[in-house]
Amino acid sequence: MSGIRAAVIGARGRMGQEAVAALEEAEGIDLVAALGSSDSLSALTEANVEVAVELTVPAVTEQNVAFLVEHGIHAVVGTTGWNQDRLDRLEKTLATSPATGVLIAPNFSIGAVLAMHFAELAAKYFDSAEVLEIHHPNKLDAPSGTAVHTARRIAAARAAAGMGPVPDATESDEGGSRGAVIDGIHVHAIRQRGRVAHEEIQFGSEGEALTIRTDSFHRGAFMPGIVHAVRHIAEHPGLTHGLEHLLDL
Ligand SMILES: NC(=O)c1ccc[n+]([C@@H]2O[C@H](COP(=O)([O-])OP(=O)(O)OC[C@H]3O[C@@H](n4cnc5c(N)ncnc54)[C@H](O)[C@@H]3O)[C@@H](O)[C@H]2O)c1
Ligand SMILES: O=C(O)C1=N[C@H](C(=O)O)CCC1
């Protein structure tokens with residue numbers, strides 16, 4: 001019996017190379033296309049690809065995913081840069097191809113997915129919450145997609161619990177020392193040689209603190225999540241934002 005016909009877009013990048021190796025080894029998956037930046041997306045339809053893993057750059061990911069949806073190819077997307085405007089446009093494109101599934105996954109690491117889940121659970125119990133992310137210095141975007149997703153989930157959990165803003169008496173913030181603010185949650189980004197992807201979520205209340213930390217030391221950390229998503233995305237038509245929705249959490 002043949003497996004899921006899969007492809008990688010961005011196959012020569014840091015993540016793409018790992019994904020190609022992981023999908024070649026995965027049982028029940030046949031890697032039938034591996035595209036670099038000079039390859040045409042038409043190679044995907046020519047190879048009858050069923051699921052494409054998109055690991056490129058924020059500038060091209062939206063147009064790549066639109067092509068996939070328009071051709072009924074399920075998409076597993078790890079590239080960052082998916083702000084609300086892009087997600088809204090994607091929902092409209094998906095309405096024209098309702099059987100197609102797209103996963104936008106800010107992070108494929110199981111540790112990172114669990115850290116975000118735990119942070120969401122903890123959010124309503126602590127007055128203060130801030131997110132710190134550390135990545136390799138070749139990363140194009142800041143803050144990381146994971147940090148944005150984490151901050152949004154913390155903010156939503158606080159709002160659902162009827163909590164107000166985090167306490168902060170800062171009156172002057174020269175040079176942005178208090179970081180970016182995503183839905184009211186401060187997010188700090190560090191770029192450091194020797195790192196891959198790391199996140200710390202810090203909570204505080206009177207007399208106590210809780211720190212949730214996740215470390216990806218190697219890009220192999222993202223591969224089980226990618227393989228799992230390739231196997232299951234066809235069961236999830238429409239837009240899924242976050243790998244957590246494909247796991248039994
Ligand atoms: N979701 C996750 O778990 C996760 C993990 C790591 C990285 N990322 C994200 O994935 C993306 C890729 O990360 P990376 O470290 O591999 O970056 P990278 O720069 O090493 O790789 C990107 C690759 O995409 C290629 N590319 C650019 N335009 C293309 C196009 N039109 N068609 C095909 N290929 C094209 C580039 O030539 C490059 O080889 C980034 O946005 C990063 O933030 C996500
Ligand atoms: O290396 C990167 O770039 C990563 N990007 C994702 C993000 O922005 O959250 C996930 C972790 C690695």
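Residues numbered from 1 in each chain as written. Chains lettered and ligands numbered in written order. Predicted model: local features only at pLDDT ≥ 70, side-chain atom pairs only at ≥ 80, totals over all residues.

Convention followed: UniProt positions are given in the numbering used here, feature names are shortened, and annotations may be inferred rather than shown by experiment.
The name given to the protein chain in an unreviewed UniProt entry is 4-hydroxy-tetrahydrodipicolinate reductase, with the source organism recorded as Sediminivirga luteola. The heading Subunit (unreviewed entry) in the UniProt record of the protein chain holds the text "Homotetramer." The UniProt entry for the protein chain carries the following comment under Pathway (unreviewed entry): "Amino-acid biosynthesis; L-lysine biosynthesis via DAP pathway; (S)-tetrahydrodipicolinate from L-aspartate: step 4/4."

### Points about the sheet that holds strand β7 (residues 180–182)
Put simply, the rule reads: By definition, two strands form a pair when at least two bridges between them are found by DSSP. Here a strand is any run of E in DSSP of at least two residues, a helix any run of H or I of at least four, and the numbering for each starts at the N terminus. A fitted line through C-alpha atoms serves as each axis, taken over the contacting stretch for helices, and the angle formed by two N-to-C directions is quoted from 0 to 180°. We call two residues in contact when the distance between their C-beta atoms, placed using the backbone, is within 7 Å.
If you walk across this open sheet you meet the five strands as β7-β8-β6-β9-β10, and the pairing is mixed. The open sheet is flanked by β7 and β10 (208–216), the only strands paired with a single partner. Here the strands of the sheet are splayed against their neighbours by 20° on average, with no regard to which way each runs. Here nine bridges tie strand β9 (residues 197–205) to β10, and the two strands are oriented antiparallel to one another. Bridging across to β10, Ile201 finds its partner in Ile212. Most of the contacts of helix α5 (residues 110–122) go to β10, to which it runs at about 160°, and overall it touches β9 and β10. Where helix α6 (residues 145–160) meets the sheet, it contacts β6 (128–135), β7, β8 (185–191) and β9, and its direction lies at approximately 170° from that of β6.

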